[in-house]
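Residue strings, one per chain:
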Amino acid sequence: MHLKRLEIQGFKSFANKIEINFESGITGVVGPNGSGKSNISDSIRWVLGEQSAKTLRGSKMEDVIFSGTTSRKPLGMAEVSITLDNSSKALPIDYGEVTITRRVYRSGESEYYLNKSSCRLKDVRELLMDTGIGKDGYSIIGQGKIDEILSNKSEDRRQIFEEAAGIVKYKTRKDEAEKKLSSTKENLLRVLDILNELE
Ligand code: ATP
């Protein structure tokens, strides 16, 4: 699957809208220190659903919104869109091109869109599950990630293999079903208690 396009507006140092089109092959991003190279990879993590401000090198999620400079006022909103070529149908959705958009306001309100239709973070996560693209996917190898993989417990390493094997979706559904089952069992117990009281 090919990352075709990245659009950023109001995210970190990118106050104005920028659009990066990725051609096939390798793309290198070069620039002086502090020019925003890492902010580009942060924007990709963020649009894929990253919830940890620390992973995005901030202390709170609001830190991803352009905070202004001496000559420019801070902005009230950050928006990032990523477009993936889905002609191989690697993503289980009936579109040849998939655009995921995330928007956040200073009020803390967050919005997600799939091909411009409003959706939940859960929908984005489910779409990307088992593709290696999600925020924890192995398609993003940040600084220190290799050390982390090598030194992690075998249980943690197993997650990477499970994602590659395409079984995370089924494990997640199983966990959800188990949670529902246990809350239904609790409800049943309460109903039985009430019935006993009434008898
Ligand atoms: P290096 O080569 O040193 O790793 P880099 O090119 O990767 O640098 P980044 O770390 O991506 O640079 O960008 C850092 C710049 O982004 C800093 O100048 C910082 O002030 C700016 N920046 C980060 N968050 C915001 C924000 N919310 N609003 C405005 N500017 C921001």
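These numbers were taken from a predicted model, which means no experiment stands behind them.

Scoring rules and cut-offs
Residues numbered from 1 in each chain as written. Predicted model: local features only at pLDDT ≥ 70, side-chain atom pairs only at ≥ 80, totals over all residues. Pairing = 2+ DSSP bridges. Helix = DSSP H or I, 4+ residues; strand = E, 2+ residues; numbered from the N terminus. Axes fitted to C-alpha atoms, helices over the stretch in contact; angles between N-to-C directions. Near = placed C-beta within 6 Å. Nonpolar A, V, L, I, M, F, W, Y, C, P; charged D, E, K, R; others polar. Core = buried A, V, L, I, M, F, W, Y, C linked by C-beta atoms within 7 Å. Buried ≥ 20, exposed ≤ 12 C-beta atoms within 10 Å, placed from the backbone. Contact = placed C-beta atoms within 7 Å.

S.K.: Looking at this structure, how should I read the sheet that holds strand S5 (residues 110–114)?
M.R.: The strands that make up a sheet are held in pairs by hydrogen bonds between backbone atoms, and each pair lies either parallel or antiparallel. Strand order in the open sheet made by the 6 strands is S2-S1-S3-S4-S5-S6, with antiparallel pairing throughout. Lying at the two open borders of the sheet, with one neighbouring strand each, are strand S2 (18–21) and strand S6 (117–119). The average angle at which neighbouring strand axes cross in this sheet is 20°, direction not considered. Pairing of strand S1 (residues 2–9) with strand S3 (residues 77–85), which is carried by 7 bridges, proceeds in the antiparallel orientation. Of the residues in S3, the one forming a bridge with Arg5 is Thr83.

S.K.: What is the right way to read the site of the ligand from this model?
M.R.: Asn33, Lys37, Ser38, Asn39 and Ser67 are the nearest of the 14 residues found near the ligand. Split into classes, the residues belonging to the shell around the ligand amount to 2 nonpolar, 9 polar and 3 charged.

S.K.: How do you make sense of the nonpolar core when you look at a structure like this?
M.R.: The nonpolar side chains of a soluble globular protein tend to be buried with one another. Counting residues in hydrophobic clusters, the biggest one holds 21 residues, and the most contacted among them are Val47, Val64, Ala78 and Val80. Listed by contribution, the elements that provide at least two residues to this core are helix H1 (37–47), S3, strand S4 (97–105) and helix H2 (121–128). Among all residues touching Val64, those that are not within four sequence positions of it are Phe11, Lys12, Trp46, Leu56, Gly58, Ala78 and Val104.

S.K.: How should the pairing of S4 be read in this particular structure?
M.R.: Here S3 pairs with S4 via 9 bridges, running antiparallel. When the bridges of S4 are listed, Ala78 appears paired with Val104. When S4 meets S5, the two strands line up antiparallel, connected through 5 bridges. Considered in S5, the bridge of Arg103 is made with Glu111. In this antiparallel pair of consecutive strands, S4 and S5, the connection spans 4 residues, and Gly108 shows a positive phi of 100°.

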